[in-house]
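Single-letter residue listing:
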Amino acid sequence: MMWLYRLCVLCVAIGAFGAPKAALAGEEKNPVPVKADMRWLTVENHSFTVSLDDQVVDGCWTNGAEIKKALEDKLVKEGFSLMEEDSHVMSIYEVVISAFGSSRGDDECFVAYGLQFQDVDVNEFRQMEYAISGFYLNKLWDEWGLVVSKKEDMNAELKQDFQDFLDDFIKTIPKQKINILGQIAAKGDADDLQFWSQYLTK
């Protein structure tokens, strides 16, 4: 794939420089400013839950649980960790399967649907000795679609589309890393590029 080729080119280009100078000296360097979401660098290291938001009526979509299981199996196969929804420990990322729709007649349905990856962010508000701790969901990635189909065909169409959405998300991770490395190459120095290339490709 092109992203993999670019990653290899970056690694080969810096391979002859040895260990990063800042690492050898124990110095802390100034951050390289890049226009990107840093969560893409660690998303593979966190646990996930998969949830289903089914707001489709009139019997237009009936295999939501099957699709949820298929996406969970795909995530595990790709090396991601899953956490049970009823776990007392809050997962870092939530994958939401969403669908909204209804019948347009005896044999036709329309459904708007999407796949969202979002993480849990926590903040605190304090006044004197009193404090409120809250959390909210912060979107990392999503993809949406709209389908009009015969009722008997809707389940198969949505299952394939949701699987395609998950494939798109997984392919986005290395692309985002390549984007970040490209910006580091443009805005940082050779030492920055060498270190981050080693970190992101190990």
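Everything below is about the structure printed above this text.
What counts, and at which threshold
For every chain, the first residue of the written sequence is number 1, and numbering continues from 1 along that sequence. Only residues with pLDDT of at least 70 are given local features in this predicted model, and only at 80 or more are side-chain atom pairs given and counted; all residues enter the totals for whole chains, interfaces and linings. Values shown for side chains rest on all heavy atoms present in the structure; no hydrogens or waters enter the calculation. Helical segments are the DSSP runs of H or I of at least four residues, strand segments are the runs of E of at least two, and each set is numbered from the N terminus. Orientation is described by axes fitted as lines to C-alpha atoms, over the contacting stretch for helices, and by angles from 0 to 180 degrees between their N-to-C directions. Comment on the angle field: the value is read as roughly parallel under 35 degrees, roughly antiparallel over 145, roughly perpendicular from 65 to 115, and oblique elsewhere. Take the far helix as the reference: if the near one is turned anticlockwise from it by less than a right angle, the crossing is left-handed, and if turned clockwise, right-handed. Should any heavy atoms of two residues lie within 4.5 Å, those residues are considered in contact. Only Asp, Glu, Lys and Arg are considered charged, only Ala, Val, Leu, Ile, Met, Phe, Trp, Tyr, Cys and Pro nonpolar, and every remaining residue, Gly among them, polar. Residue burial is assigned from relative accessible area. The probe radius is 1.4 Å, only protein chains are included, and a residue is buried under 20% of its type maximum, exposed over 50%, and partly exposed in between. The term polar contact refers here to a pair of N or O atoms within 3.5 Å; inside protein, the definition further demands a hydrogen-donor-capable atom paired with an acceptor-capable atom, and it admits residues adjacent in sequence only when both atoms are side-chain atoms. Expected span of a helix: the number of residues minus one, times 1.5 Å. We call a set of buried Ala, Val, Leu, Ile, Met, Phe, Trp, Tyr and Cys residues a nonpolar core when their side-chain atoms join them within 4.5 Å.

Engineer: Lay out the environment of Asp191 with the relevant residues and their values.
Structural biologist: Relative to the helices and strands, Asp191 resides in helix H5 (residues 190–201). A C-alpha to C-alpha distance of 9.9 Å links Asp191 and Lys29, two positions 162 residues apart in sequence.

Engineer: Tell me about the packing of helix H4 (residues 151–187) against H5, residues and numbers included.
Structural biologist: Pairs of packed helices are described in terms of their axes, by the angle between the two and the distance that separates them. Two elements in contact, H4 and H5, have axes separated by 9 Å at closest approach and are oriented at 165°. In terms of axis orientation, H4 runs roughly antiparallel to H5. Note that H4 runs across H5; the crossing there is left-handed. Between H4 and H5, the residues in contact are Lys177, Leu181, Ile184 and Ala185 and Asp192, Leu193, Trp196, Ser197 and Leu200, respectively. Considered class by class, the residues forming the contact of H4 with H5 number 6 nonpolar, 1 polar and 2 charged.

Engineer: An account of the environment of Arg126 is needed here, citing residue identities and associated values.
Structural biologist: Here Arg126 lies in strand E4 (residues 108–127). Taking relative accessible area as the criterion, Arg126 reaches 46% and is therefore assigned partly exposed. Among the polar contacts made by the side chain of Arg126, one reaches the side chain of Glu124 at a distance of 3.4 Å.

Engineer: Talk me through H5; I want residue IDs and the actual numbers.
Structural biologist: Residues that lie three or four places apart on an α-helix share one face, since the helix turns once every 3.6 residues. A rise of 1.5 Å per residue sets the reference length of H5, with its 12 residues, at 16 Å; its end C-alpha atoms lie 16 Å apart and thus fit the reference within 8%. Taken together, the buried positions of H5 are Asp191, Asp192, Leu193, Gln194, Ser197 and Leu200. One side-chain oxygen of the residue at the start of H5 lies 3.1 Å from the amide nitrogen of Asp191, identifying that residue as Asp189.

Engineer: With reference to specific residues and values, describe the nonpolar core.
Structural biologist: If you look at the biggest cluster of nonpolar residues, it comprises 31 residues, and the most contacted ones within it are Leu115, Leu158, Phe162 and Phe169. If you list the elements that add at least two residues to this core, you get strand E1 (47–56), helix H3 (64–77), strand E3 (93–103), E4, strand E5 (130–150) and H4. Top element by residues in this core is H4. It accounts for 8 residues. Setting aside its immediate chain neighbours within four residues, Leu115 contacts Leu71, Val95, Val96, Ile97, Trp141, Asp142, Glu143, Phe162, Phe165 and Leu166. Grouped together as the second largest cluster of nonpolar side chains are 7 residues, Val32, Leu41, Leu181 and Leu193 included.

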